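Geometric and topological summary
The residues making up each chain are set out below.
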Amino acid sequence: MRPLTVRRLLWTCGGLTVALLASVVLALKLGAVPISVTDLVVNLGRAAIGRTSQIPTEYRLIIFDLRLPRILLGILVGAALSVSGASFQALLRNPLADPFVLGVSSGAALGSILAMIIAPQLAFVMPLGAFLGAIATIAAVYFLGRREGELDSTTLLLGGIISASFLSAIIMFLMTTLAGRDLRGMVFWLMGDLSTPVPVSLRWILTVGVIAGIGAIYTTAADLNLLLTGEREAIHLGVDATRVKLVVYISASLLTALAVSASGAIGYVGLLVPHAVRLLFGSDYRLLIPASALGGAIAIVLADTLARTVVAPTELPVGAMTAMAGAPVFIYLLRRGMR
Amino acid sequence: MRFKSMPGRPNETISEFRKRRILIPAVYAGIALALLYFCCAPVSAQASTAQAAPAKVPATRAFTDELGRRVNVPLEANRIVSLAPNLTEIVYALGEADHLAGDTDFCDYPPEAAQKPHVGGPVNPNLEEIAKLAPDLILATSINRRETVDALDRLGFPVYTIDPHSVDEMIQSVQRLGSVLGAGKSAAPLVASLRARLADLDRRLSHAAPRRVLFVVWTDPLISIGRNTFIADALRHAGAQSVVDTAVEWPHISMEEIVHLQPQALIFATAHAEDTRRDIDALRTQPGWRDLNALRHGNVILVSDAINRPAPRMLDAIEQLARALHPEAFAARAAAPAGPKPVLEEACACAR
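Residue positions are given per chain, counting from 1 as you read along its sequence in written order. Chains carry letters and ligands carry numbers; both start at the beginning, A for chains and 1 for ligands, and go up in the order they are written. The model is predicted, so local features are restricted to residues of pLDDT at least 70 and side-chain atom pairs to those at 80 or more, both for listing and for counting; the totals for chains, interfaces and linings are taken over all residues.

Moving on: the overall build of chain A. Regarding its fold elements, chain A presents 15 helices and two strands. This radius of gyration counts C-alpha atoms alone. The globule rule is 2.2 Å times how many residues there are, raised to the power 0.38. Against the compact-globule benchmark of 20 Å for 339 residues, chain A has a radius of gyration of 20 Å, which places it among compact chains. On the principal axes, the C-alpha backbone points of chain A span a range of 65 × 55 × 35 Å. In chain A, buried positions account for 52% of the 339 residues. In chain A, once contacts between residues fewer than 6 apart in sequence are set aside, the share between residues at least 24 apart is 75%. Numbering of helices and strands runs from the N terminus; a helix is a DSSP stretch of H or I covering at least four residues, while a strand is a stretch of E covering at least two. Residues are called buried when their C-beta atom has 20 or more other C-beta atoms within 10 Å, exposed when it has 12 or fewer, and partly exposed otherwise; all C-beta atoms are positioned from the backbone. Placing a C-beta atom from the backbone of each residue, one calls two residues in contact when those atoms lie within 7 Å.

In structure tokens:
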């Protein structure tokens, strides 16, 4: 693989941004109500020059109030999940790490369910609960995975899987015992679902949090490259390992928590996208972080478009689509990489 | 599996490489741009809804729905979207079918309701389909998610929600929907007849001892009803008492518990009696089920699935059930009040 240069970084990210824009246009066009590209361009143009009053009500509702917020949410969630997956893979030096596999998603889900039970009226309580749940889970898994001061890969993954099933069991317990209509919709949410628009206040927390989290992780990308070769080696080379790990653990947990509180536990994105990016563009974290963010956004936007259209007007949970579409792509990339 | 490539430029020492951070200022610029965009986005969205609202709505009346939400309903609601089968049935019963613009995939009664444009299922309706129908009033109930109601509300649609937990509350909901839809004239006789039929049932069964029954919602796993559901209330009006007593609405019950409780009769709600009868025959050989005296002695009642829907037709199902459970209370009089006779025979045939 060629070494990373600023030029290659810009070209790769530029290319991925174009691909993301293309998938956004596709997602805006397709849906239960088909919209022609001409209508789409005309109405987007009207919005861009501020003539919103000329947009027919039907298009205003469907394009601007339903599809666009959902696509933006998908972009944020996809970017958050794949960047946190890539970060966990570097920190734990384990290619199979992923917020879903490590139980962090389940921890965030339990945290937000508990938050919703305690204070259902407050919008910001859900992401806060999710964040606390995610942090607690990753800390528990990290200590479960330590053996004689070193991270043991097998123990770590087992710790993650066991935490995930333990937390899922508690979620099931809460959902069966707490009768009430507010938890019934949780079934959709737990499978990963973008169909319910997020309240405006939460949209704000989500946007700022995701951008800040990805930014914070990107500033440590060079250190992550060295940490990947081994913690001791990195420390010998002058990396402040404690600081880097703290920043990345907190940011990655924050990203997972925000994604889960907005859209539930969408699996596989954090595992598949960073690996696909590695196979395509190499494993330098300074490229991997932004490319994973863009790739994750593309993956979720396309998966959600499929989820909306395959059996329209009924919608599938996007989590099912990421699992169904992600696995074959992953196997293809893996086999191509081995040849 | 190992990460494949080692990072770094050729001829660069590893410590030189480590210090080189790429494009950090660019990242900060990107963050600033994104924040700026999102500052503008919510404002423009609010502005556009604010413009659209006063332009369109001519005359509205304010109602407080059964969740305590304030809803501005147009005086003449002409494009109604129903988000649940029982709401669709109520709209038809009130004679407002012509104004029903859309309903859900599960709205199958009356049969014409299945011909209306569908917006998906009640729990996860497709918001785009609803928006396409340009409704001026959306009806929701307790099986819809609160998130759906809130989302439609944010899109600027008036959503009136009913929340009946008993037969009496169902009748009240019919009355309220009558005034919300401006169909008070058809609502008044309907509500009066429903109340009269319920009072007649209560009077006939006032001396009958309630039968201990198991209402089977699902057989595998066994799911029954909790005491706060409208079905439990319907059973009480039909002279029955569920053996399951819990605050959980749709409890999973262990077969052991049911064998221990030995209900006097099993009640199945169905729209397809033949299929259900075949399923019940299959249960007779299964462990647990075969130990139930009610099943062994054929004390099984098939009741119309209308009992599952808080709508006027529910009274038919309650009357049918009451006749099957307490035939003596109805035999006293030769001229019984109007009821669904063909289904009644079916129920009796099965109870034998």
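The subject of this paragraph is the overall build of chain B. The helix and strand inventory of chain B stands at 14 helices and 10 strands. Split into buried and exposed, the 352 residues of chain B put 40% on the buried side.

Strands belonging to one sheet form pairs held by backbone hydrogen bonds; the direction of such a pair is parallel or antiparallel. All names here are of chain B. Taken in spatial order, the four strands make up an open sheet running β8-β7-β9-β10, and their pairing is parallel. Edge positions in the sheet fall to β8 (240-242) and β10 (300-304), since each has one partner strand and no second. Averaged over all pairs of adjacent strands, the angle between their axes in this sheet comes to 40 degrees, without regard to strand direction. Against the sheet, helix α8 (residues 230-237) contacts β7 (211-216) and β8, and its axis sits at roughly 145 degrees relative to β8. Here, axes are lines fitted to C-alpha atoms. For helices the fit covers the stretch in contact, and angles between N-to-C directions go from 0 to 180 degrees. Against the sheet, helix α10 (residues 273-283) contacts β9 (265-270) and β10, and its axis sits at roughly 140 degrees relative to β9. Strand pairing is assigned whenever DSSP detects at least two bridges linking the two strands.

With 23 residues, helix α12 (residues 241-263) of chain A extends 32 Å between its outermost C-alpha atoms, agreeing within 8% with the 33 Å of an ideal straight helix rising 1.5 Å per residue. Once α12 of chain A ends, the next one or two residues include Gly 264 of chain A, with phi positive near 80 degrees. A helix is expected to span 1.5 Å multiplied by its residue count minus one.

Here we take up the environment of Ser 201 of chain A. Tracing the sequence through the fold places Ser 201 of chain A in helix α9 (residues 200-219). Spatially, the C-alpha atoms of Ser 201 of chain A and Leu 122 of chain A are 9.9 Å apart, while their sequence positions differ by 79 residues.

Quick look at the pairing of strand β2 (residues 70-74) of chain B now. Residue and element names in this part refer to chain B. Only one face of β2 is covered, namely the one carrying Val 71 and Val 73; the face carrying Arg 70, Asn 72 and Pro 74 has none of its residues buried. Pairing of strand β1 (residues 60-64) with β2 involves five bridges; the strand directions are antiparallel. Looking across to β2, one finds that Thr 64 is bridged to Arg 70. In textbook terms, the turn of a hairpin is the stretch between consecutive antiparallel strands, and for β1 and β2 this stretch comprises five residues, one of which, Gly 68, has a positive phi near 80 degrees.

As a further point, take the environment of Gln 320 of chain B. All names here are of chain B. In this fold, Gln 320 is placed in helix α12 (residues 314-325). Gln 320 sits in the buried class, given 25 other C-beta atoms within 10 Å. Spatially, the C-alpha atom of Gln 320 lies 30 Å from that of Glu 256, the residues being 64 residues apart in sequence.

Attention shifts here to unusual backbone geometry. Residues and elements named next belong to chain B. Geometrically, the link from Tyr 109 to Pro 110 is a cis peptide bond, its omega value of -10 degrees lying close to zero. In this structure, Pro 110 sits in the loop between β4 (100-102) and α4 (127-132). Here Asp 220 and Pro 221 are connected by a cis peptide whose omega angle stands at 0 degrees. Along the chain, Pro 221 turns up in the loop between β7 and α8. If you check the backbone angles, Gln 262 has positive phi at about 45 degrees while not being a glycine. Inspection of the secondary structure assignment puts Gln 262 in the loop between α9 (255-261) and β9. Note on Gln 262: 13 C-beta atoms within 10 Å, which makes it partly exposed.

With that out of the way, let us pick up the nonpolar core. Burial of nonpolar side chains together is a common tendency in soluble globular proteins. By size, the foremost hydrophobic cluster in this structure holds 191 residues, and its most contacted members are Ala 80 and Ile 289 of chain A together with Ile 138, Ile 267, Met 314, Ile 318 and Leu 321 of chain B. Top contributing element to this core by residue count: helix α3 (residues 57-91) of chain A, with 20 residues. Filtering out sequence-adjacent residues up to four positions away, Ala 80 of chain A remains in contact with Val 210, Gly 213, Leu 255, Leu 258 and Ala 259 of chain A. One nonpolar core equals one set of buried Ala, Val, Leu, Ile, Met, Phe, Trp, Tyr and Cys residues connected by C-beta atoms within 7 Å.

Consecutive side chains along a regular strand alternate between the two faces of the sheet. All names here are of chain B. Within β10, five of the five residues are buried, leaving the element largely enclosed by the surrounding structure. Here β9 pairs with β10 via five bridges, running parallel. Bridging across to β10, Leu 266 finds its partner in Val 300.

All names here are of chain B. The four strands lie next to each other as β4-β3-β5-β6, forming an open sheet whose pairing is parallel. Looking at the sheet topology across the chains shown, the edges are occupied by β4 and β6 (159-161). Between one strand axis and the next, the sheet turns by 35 degrees as a mean value, whatever way the strands run. Where strand β3 (residues 80-82) lies against strand β5 (residues 137-140), three bridges are found, and the strand directions are parallel. Across the sheet, residue Val 81 finds its bridge partner in β5, namely Ile 138. Here helix α3 (residues 85-93) sits on the sheet and contacts β3, β4 and β5; the angle it forms with β3, its principal contact strand, is near 140 degrees. Packing of helix α5 (residues 146-154) onto the sheet brings it into contact with β5 and β6, and relative to β6 it is tilted by some 150 degrees.

Before going further, it helps to spend a moment on the confidence of the model for chain B. Interpreting fine coordinate detail is not advised for predicted regions of low pLDDT. Residues and elements named next belong to chain B. Put simply, chain B has an average pLDDT of 81, and 80% of its residues get 70 or more. Confidence scores here are pLDDT values: one per residue, from the predictor, ranging 0 to 100. Long-range and interchain partners of residues 43-55, a stretch whose pLDDT sits below 50, account for 13 contacts in this model, where long-range means more than four residues apart. A low-confidence stretch, residues 338-352 stays under pLDDT 50, and its non-local contacts, those more than four residues away or across chains, total 26 contacts.

Overall, the predicted model of chain A reaches an average pLDDT of 84, with 94% of residues at or above 70. Considering each helix and strand of chain A separately, the mean pLDDT is smallest for helix α7 (residues 181-184) of chain A, with a value of 57, and largest for helix α14 (residues 285-309) of chain A, with 92.

Let us now look at the packing of helix α5 (residues 125-144) of chain A against α12 of chain A. Residues and elements named next belong to chain A. Two elements in contact, α5 and α12, have axes whose closest approach is 8 Å; the angle formed by their N-to-C orientations is 135 degrees. In this view, α5 runs oblique relative to α12, as classed from their interaxial angle. Here the hand of the crossing between α5 and α12 comes out right-handed. Counting all contacts with α5, which are made through Met 126, Pro 127, Ala 130, Phe 131, Ala 134, Ile 135 and Ile 138, the residues of α12 involved are Tyr 249, Ser 253, Leu 254, Thr 256, Ala 257, Leu 258, Val 260 and Ser 261. Roughly parallel refers to an angle under 35 degrees, roughly antiparallel to one over 145, roughly perpendicular to one between 65 and 115, and oblique to any angle outside these ranges. By definition, any crossing whose near helix is turned counterclockwise from its far helix by less than a right angle is left-handed, and any crossing with a clockwise turn is right-handed.

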